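This is what each chain is made of:
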Amino acid sequence: GGGLFDSNGTLIGIVSAKSSVTTGEGLGFVLPIDSIKPIVSDIIQYGYVTGRPTLGFKTADITSMASAAFNGVNWIGVYVNGVTKGSNAETAGLQFRDYIASVDGESIKTSDRLYEILESKSVGDTLVLEIWRNNLSFDVILIIEEEKN
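Not measured: the values here are computed from a predicted model.

(A) Seen up close, the overall build of the chain. Looking only at helices and strands, the chain has four helices and eleven strands in total. Across its three principal directions, the C-alpha atoms of the chain cover 65 × 40 × 25 Å. Within the span of the chain, comprising 149 residues, buried residues form 27% of the whole. Accessible surface for the chain amounts to roughly 9,400 Å². Of this, 53% is attributable to carbon and sulfur atoms. Between the averaged position of the 11 positive side-chain charges in the chain and that of its 18 negative side-chain charges there is a distance of 5 Å.

Okay, structure coming up:
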């Protein structure tokens, strides 16, 4: 990490990763300062980066029937693994061990796909989650909220 400066001493970027080699200079990756400024500004003003969507719950992927049995659930797939207190997910009624069968009509098999869908949305958008709980299926309309971490 650290700053990248031009020949005049002006900050032009932040080094985000660098490979090292023993035979010479490694390869560095830099985030341009213009893409960093809004993030730094948000952190200074609000204490977090604004506009980032969050579900308000954590997920767990169950990938085998053995794992399902061990965790006391019935299906392979994506489960609610915890709900943030005061979140829209809590208000919508989501609970620990709810099985997420689909999001906006698309069958969900992994948390990665759920988060891909989330990243395509904005704060204030909604997701329709098909939830299974106690062998009953129902839809939950979840309003995407802003992550405040």
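(B) Representation of the environment of I76 in the model. Looking at the element boundaries, I76 is found in the loop between helix 2 (65–71) and strand 6 (77–83). Counting along the chain gives 37 residues from I76 to R113, while the straight-line C-alpha distance between them is 15 Å. If sequence neighbours within four positions are ignored, I76 has contacts with I62, T63, S64, M65 and Y99.

(C) Here's a closer look at the packing of aromatic side chains. Per the stated rule, a full pass over the model turns up three aromatic pairs. Ring geometry for W75 and Y99: centres 5.0 Å apart, planes at 40°, overall tilted. Remark: Y99 occurs in strand 7 (residues 99–103) and W75 occurs in the loop between helix 2 and strand 6; sequence separation between them is 24 residues. On the basis of relative accessible area, W75 is assigned to the partly exposed category, the value being 29%. Taking relative accessible area as the criterion, Y99 reaches 10% and is therefore assigned buried. Taken together, the aromatic side chains of W75, Y79, Y99 and W132 make up a single cluster linked through ring pairs.

(D) Quick peek at the layout of surface pockets. By volume, the largest pocket amounts to about 340 Å³. When residues of the lining of the largest pocket are traced back to their parent elements, those giving at least two are strand 4 (53–54), strand 5 (57–62), helix 4 (111–119) and strand 11 (145–146). Residue classes in the lining of the largest pocket are distributed as five nonpolar, five polar and six charged. Of the volumes computed, that of the second largest pocket is approximately 160 Å³. In terms of lining, the second largest pocket is formed by 13 residues, of which the most central are N74, R97, W132, R133 and N134.

(E) Here's a closer look at the side chain of S111. Inspection of the secondary structure assignment puts S111 in helix 4. Residue S111 is classed as buried on the basis of its relative accessible area, which comes to 8%.

(F) Structural detail: the pairing of strand 10 (residues 136–143). Pairing of strand 9 (residues 126–133) with strand 10, which is carried by eight bridges, proceeds in the antiparallel orientation. Within the sheet, the bridge partner assigned to I131 lies in strand 10 and is F138. Between the end of strand 9 and the start of strand 10, which pair antiparallel, lie two residues, with N134 showing a positive phi angle near 55°.

(G) Main features of the nonpolar core. With 18 residues, the main nonpolar core has F57, I100, V103, L114 and L129 as its most contacted residues. The residues touching F57, leaving out its near neighbours within four places in the chain, are V80, G82, V83, T84, A89, L94, I100, L114, Y115, L129 and L142. Membership of the second largest hydrophobic core comes to six residues, among which are V73, Y79, Y99 and A101.

What counts and what doesn't
Residues numbered from 1 in each chain as written. Predicted model: local features only at pLDDT ≥ 70, side-chain atom pairs only at ≥ 80, totals over all residues. Heavy atoms only, no water. Helix = DSSP H or I, 4+ residues; strand = E, 2+ residues; numbered from the N terminus. Buried < 20%, exposed > 50% of the residue type's maximum accessible area, 1.4 Å probe, protein only. Areas by Shrake-Rupley, 256 points an atom, 1.4 Å probe, with all protein chains shown as cover. Lys, Arg positive; Asp, Glu negative; His and termini not counted. Charge placed at Lys NZ, Arg CZ, Asp CG, Glu CD. Contact = heavy atoms within 4.5 Å. Phe/Tyr/Trp six-rings, centres within 6.5 Å; stacked < 30°, edge-to-face > 60°. 1 Å grid on protein atoms, 1.4 Å probe; cavity = no way out; pocket = protein on both sides within 12 Å on 5 of 7 lines; lining within 4 Å. Points joined across faces, edges and corners; volume = space filled by probe spheres on them. Nonpolar A, V, L, I, M, F, W, Y, C, P; charged D, E, K, R; others polar. Pairing = 2+ DSSP bridges. Core = buried A, V, L, I, M, F, W, Y, C linked by side-chain atoms within 4.5 Å.

By themselves these figures say nothing about function.
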